[in-house]
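Structure at a glance
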Number of protein chains: 2
Amino acid sequence: MAKRTHLQDSEPRVQDDGVPLEARVRAEIIRGAFPPAARLRMEDLKARFEVGFSPIREALSRLIGEGLVEFEPNRGFRVAPLSREDLLDIALARVAVETAALKRSIEHGDDRWEAGIVAAMHQYRRRSPIAFTNEATLLSWEESHDALHAALIGACGSSRLLALQRRLQDQHVRYRRLIVVKEVAQEVHIEEHEKLVELALERRSADAIAEIERHMMITVDALDQSSIWEKFGETAG
Amino acid sequence: MAKRTHLQDSEPRVQDDGVPLEARVRAEIIRGAFPPAARLRMEDLKARFEVGFSPIREALSRLIGEGLVEFEPNRGFRVAPLSREDLLDIALARVAVETAALKRSIEHGDDRWEAGIVAAMHQYRRRSPIAFTNEATLLSWEESHDALHAALIGACGSSRLLALQRRLQDQHVRYRRLIVVKEVAQEVHIEEHEKLVELALERRSADAIAEIERHMMITVDALDQSSIWEKFGETAG
DNA sequence: AAAGTCAATATTTGCGAAAATATTGTAAAT
DNA sequence: ATTTACAATATTTTCGCAAATATTGACTTT
């Protein structure tokens, strides 16, 4: 008889089919369904996603490239760990990618680009609630927030810069989800984006870039003020 | 730490086998062993690399994230296609990543960083031959060239920027291999790098960045002067 | 005790058959 | 001649077992 090792029965089976397995696993990781650095045992995943070994290994292999999963030969896959240092690295890389892309967008963007930003900003404002009562509200807000950032660089004309921004943002979201978002003062957050949008539309490249650099530290600061890093055994250097 | 107190009596085949399959496939693709956009049939790869389906699919899945392979569900994998537009995109993204990393390196680099650059420049100069008579000469030159670029940004302090640079460089190399490198005037090429090294060591950030931006167009220009794009059916807009 | 040995167990990795899906080729209908 | 239908073929994709490797634990030796 197979011996029961440790069951990970906290989360029920994920069923959403028709969606590629890779997307499903990615969503689970970003959502934080697995603890950071958790081992991803094949048997567990097989049961959870109700597929065989091959598709799972393939999906995880893809997610390595997205920075969400790590791999060591013969020792399997694990969720990418979280640390303050890593978050700083993400913020750094995002600044590099996103400022370059924004600069180009500001140079080349037409009125369609402008309209996209205005629309995204509107939706983001509308979806910023007083409080996050349920998960749907949070997800809706997050989606509009990320869409605004995407709209701002939408005219950069580089598929690679766009893809990199998306990838780094996914990695960033894992950290954002660690804080009870209540802690993020909504008014201030909205104002920052309004400022950023304004600068972009006025084609004030340098100022917009400076704003992004500042903006990217929000998550770092918020997490520093919580006591999250201690939980991960981080020395927070 | 895996301790090996008693040796295995038969040392396994160390030839190709010690190298992970992913690295072998990547090398083949970068080398141009498969034509751009070529379909990668499972049976073919299985025969070529002498492994089963699973390891191949896994390796290819990883290479998607490196931008060397494309995938379409139920239609399999293919080598990432090449085009002038794509090369411009790579150059663009490289400028974004590499200038950000170089700027930070110049700000934070210590004498160890400087020494690394000087050493890399020396080796690069030594390995630049009058003519590329055989493949080994080419590979040796390429390695030293890429190592110099890595050394320049080595003190940027961001593992993500370093990884991105490496990844984009791999993609870039596929294009560089298209030209008979003879066409690249060696003296000019060396001089450009000497200039770049000089500016970096003198901590002239803005000038060094401008030099990189200019430098990144070399491959584009060289390929434009050849008639490569027509071969790919490119309109070369 | 502490460290080493070795068997028992757990887990990952590779393999090829079989299922699922796409592509091609042929013939009938418009 | 062009399109449609459908069978025949080719290819991808999944699955579970078996092999390879890592981990655990009980037992011996120093």
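Structural data are supplied above this passage.
The rules behind these values
Residues numbered from 1 in each chain as written. Chains lettered and ligands numbered in written order. Predicted model: local features only at pLDDT ≥ 70, side-chain atom pairs only at ≥ 80, totals over all residues. Heavy atoms only, no water. Pairing = 2+ DSSP bridges. Helix = DSSP H or I, 4+ residues; strand = E, 2+ residues; numbered from the N terminus. Contact = heavy atoms within 4.5 Å. Near = heavy atom within 4 Å. Polar contact = N/O pair within 3.5 Å; in protein donor to acceptor, adjacent residues only side chain to side chain. Nonpolar A, V, L, I, M, F, W, Y, C, P; charged D, E, K, R; others polar. Phe/Tyr/Trp six-rings, centres within 6.5 Å; stacked < 30°, edge-to-face > 60°. Lys NZ or Arg CZ within 6 Å of the ring centre and 35° of its normal.

1. Some remarks on the sheet that holds strand S1 (residues 39–40) of chain A
Pairing is antiparallel in the open sheet, where 3 strands are placed in the order S1-S3-S2 (chain A). The open sheet has two edge strands, S1 and strand S2 (69–72) of chain A, and neither has a second partner.

2. Focus on the side chain of Glu22 of chain B
Looking at where Glu22 of chain B falls in the secondary structure, it is placed in helix H1 (residues 21–31). Contact partners of Glu22 of chain B, with chain neighbours within four places excluded, come to Ala59, Arg62, Leu63 and Glu66 of chain B.

3. As for the protein's contact with DNA strand C
Taken together, 22 residues lie near DNA strand C, and Arg57 and Asn74 of chain A together with Gly52, Ser54 and Arg75 of chain B sit nearest. Sugar plus phosphate, as a fraction of atoms of DNA strand C within 4 Å of the protein: 85%. Ser54 of chain B is positioned such that a nitrogen or oxygen atom in its side chain is 2.7 Å from a base nitrogen of DNA strand C. Within the side chain of Asn74 of chain B, an N or O atom sits 3.4 Å from a sugar or linking oxygen of DNA strand C. Secondary-structure elements contributing two or more residues to the surface near DNA strand C are S1 and S2 of chain A together with helix H3 (53–65) of chain B. No other element matches H3 of chain B, which puts 3 residues into the surface near DNA strand C. Its residues assigned to classes, the surface near DNA strand C shows 7 nonpolar, 7 polar and 8 charged.

4. Considerations on the sheet that holds strand S3 (residues 76–79) of chain B
All names here are of chain B. Taking strand neighbours across the sheet as the criterion, the 3 strands line up as S1-S3-S2 in an open arrangement whose pairing is antiparallel. Among the strands making up the open sheet, the edge pair consists of strand S1 (39–40) and strand S2 (69–72). Bridge count between S1 and S3: 2 bridges; the pairing is antiparallel. The partner of Leu40 across the bridge, within S3, is Phe77.

5. Describing the packing of aromatic side chains
Scanning all chains against the criterion turns up 4 aromatic pairs over all chains. Taking 6.2 Å as the distance between ring centres and 55 degrees as the angle between the ring planes, the aromatic pair formed by Tyr175 of chain A and Trp229 of chain A counts as tilted. Of this pair, Tyr175 of chain A sits in helix H7 (residues 159–176) while Trp229 of chain A sits in helix H11 (residues 228–231), and the two are 54 residues apart along the sequence. The side chain of Arg62 of chain A reaches across the aromatic face of Phe71 of chain B, ending 4.3 Å from its centre. Here the basic side chain of Lys46 of chain B rests over the ring of Phe53 of chain B, its NZ or CZ set 4.9 Å away from the ring centre.

6. Points about the protein's contact with DNA strand D
Looking at DNA strand D, there are 19 residues lining it, with Gly52, Ser54 and Arg75 of chain A together with Arg57 and Asn74 of chain B nearest. Put simply, 81% of the atoms of DNA strand D that lie within 4 Å of the protein are in sugar or phosphate. One of the side-chain N or O atoms of Arg75 of chain A is found 2.6 Å from a phosphate oxygen in DNA strand D. At the level of secondary structure, the elements contributing two or more residues to the surface near DNA strand D comprise helix H3 (53–65) of chain A together with S1 and S2 of chain B. Among the elements that take part in the surface near DNA strand D, H3 of chain A stands out by supplying 3 residues, more than any other. The residue makeup of the surface near DNA strand D, split by class, is 7 nonpolar, 5 polar and 7 charged.

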